[in-house]
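Listed here are the chains, written in short residue letters.
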Amino acid sequence: MAIETISYTISAFVFLVFFAVLLTDKHRGTGKQLLLAAAFSSAVWSASISIQSVVDSYFLVTQFIEVAKNLVWLTFVVSMLSTAYSHGVSFDKNRAGLIKIFSIILAVMAVVIFGFSKLDLQAESDGGFLIAIHLMLAIIGIVLVEQLYRNVPSESRWAIKYLCMGLIGSYIYNFYMYSDALLYQRIDPVLWQTRGFV
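Residues numbered from 1 in each chain as written. Predicted model: local features only at pLDDT ≥ 70, side-chain atom pairs only at ≥ 80, totals over all residues. Heavy atoms only, no water.

## A short note on the packing of helix α3 (residues 61–84) against helix α6 (residues 157–184)
Quick reminder of the rule: Here, axes are lines fitted to C-alpha atoms. For helices the fit covers the stretch in contact, and angles between N-to-C directions go from 0 to 180 degrees. Every helix listed is a DSSP run of H or I at least four residues long, and every strand listed is a run of E at least two residues long, numbered separately from the N terminus. In what follows, roughly perpendicular refers to angles from 65 to 115 degrees, roughly parallel to angles under 35, roughly antiparallel to angles over 145, and oblique to any angle outside these ranges. For any pair of crossing helices, the crossing counts as left-handed if the nearer helix is rotated counterclockwise from the farther one by less than a right angle, and right-handed if it is rotated clockwise. Note on contacts: a residue pair is in contact if any heavy atoms of the two residues lie within 4.5 Å. Three categories are distinguished: nonpolar for Ala, Val, Leu, Ile, Met, Phe, Trp, Tyr, Cys and Pro, charged for Asp, Glu, Lys and Arg, and polar for the others, with Gly belonging to the last.
Across the interface, α3 lies against α6 with an axial gap of 13 Å and an inter-helix angle of 140 degrees. What the angle tells us is that α3 and α6 run oblique. As α3 packs across α6, the resulting crossing turns out to be left-handed. On α6, the residues touching Glu 66, Asn 70, Trp 73, Leu 74, Phe 76, Val 77 and Met 80 of α3 are Ile 160, Leu 163, Leu 167, Tyr 171 and Tyr 178. Taken together, the residues that form the contact of α3 with α6 break down as 10 nonpolar, one polar and one charged.

## What to know about the nonpolar core
Rules: Grouping buried Ala, Val, Leu, Ile, Met, Phe, Trp, Tyr and Cys residues that are joined through side-chain atoms within 4.5 Å yields what is termed a nonpolar core. Each residue's exposure class comes from its accessible area (1.4 Å probe, protein chains only) as a fraction of the maximum for that residue type: buried when under 20%, exposed when over 50%, partly exposed otherwise.
Ranked by size, the top nonpolar core spans 28 residues in total, and within it Trp 73, Phe 76, Val 77, Leu 137, Leu 144 and Leu 148 carry the most contacts. Here the element with the most residues in this core is α3; it accounts for 10 residues. Core analysis: the second largest hydrophobic core is formed by 11 residues, Tyr 8, Trp 45, Leu 135 and Ala 181 among them.

## Digging into helix α2 (residues 30–55)
To keep things clear, this is the line we draw: Any helix carries an expected span of 1.5 Å times its number of residues minus one.
The end-to-end C-alpha distance of α2 is 37 Å, a good match for the 38 Å that 26 residues give at a rise of 1.5 Å each. Once α2 finishes, Asp 56 follows within two positions and takes phi at roughly 55 degrees, a positive value.

## Structural notes on a nonpolar patch on the surface
Keep this limit in mind: Candidates for patches are residues over 30% relative accessible area with no salt bridge; among them, like charges are joined within 9 Å and nonpolar side chains (Val, Leu, Ile, Met, Phe, Trp, Tyr) within 5 Å. Every accessible area reported is derived by Shrake-Rupley at a probe size of 1.4 Å, with residue values counting cover from the shown protein chains alone. In the sections that follow, a salt bridge refers to a side-chain nitrogen of Lys or Arg positioned within 4 Å of a carboxyl oxygen of Asp or Glu.
Taken together, the side chains of Ile 3, Ile 6, Ile 10, Phe 13, Val 14, Val 17, Val 21 and Phe 197 make up a nonpolar region of the molecular surface, amounting to roughly 710 Å² of accessible area. Its location among the elements puts Val 17 in helix α1 (residues 3–24).

## Re the pattern of salt bridges
Enumeration over the complete set of coordinates arrives at three salt bridges. Linking Arg 195 and Glu 66 is a salt bridge whose minimum nitrogen-to-oxygen distance equals 2.8 Å. With Arg 195 in the segment after α7 (189–194) and Glu 66 in helix α3, this pair connects stretches of sequence that are 129 residues apart. In this structure, Arg 195 and Glu 66 share a single accessibility class: buried. Ionic pairing is found between Glu 146 and Arg 150, a salt bridge with its closest N-O pair at 3.2 Å. With Glu 146 and Arg 150 both in helix α5 (residues 128–151) and four residues apart, this pair spans about one turn of that helix. On the accessibility criterion, Glu 146 (31% relative accessible area) is partly exposed. Taking the relative accessible area as the measure of exposure, Arg 150 reaches 58% and is therefore exposed.

Next comes the structure, spelled out in structure tokens:
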């Protein structure tokens, strides 16, 4: 069995277990709902790549699932960051806060995508534009997690320390992999295969 299949199958299983554990938690609120959505989307994404590896075929939909997964995680981080700021974006009962957060993320993405499109990244590879989007999401994730950790009160940092370590590790790995892919116009197969373990 290929390393890729093993790593992404383990990743899907771990995220499904995390999702099941979250379902048993009695806490309520938008933060928990976003964390549930993030865990489930990560499990679906890992499973789709594992299936892709087993059937030995490439599905473009997995790239869009990854973008959706990253957007859900970014929304979760922004929701936590909003509570850390004294005058940040906040959620209200009619979910207008969620719409504001998505609007901010989409606006940033639109500006960066427009900039990337001017660089003609698809000149050598049809996947160059998707690679640029993934790289951009990794950079945004690194910045948001760093801001989250810095803006949480020092006495509360222990509660989010491992979450931040896990997220920042994943974003740094993605940044390295996709910057390498953007530079050489191909994704390193070793980095891709072992990413499920991260």
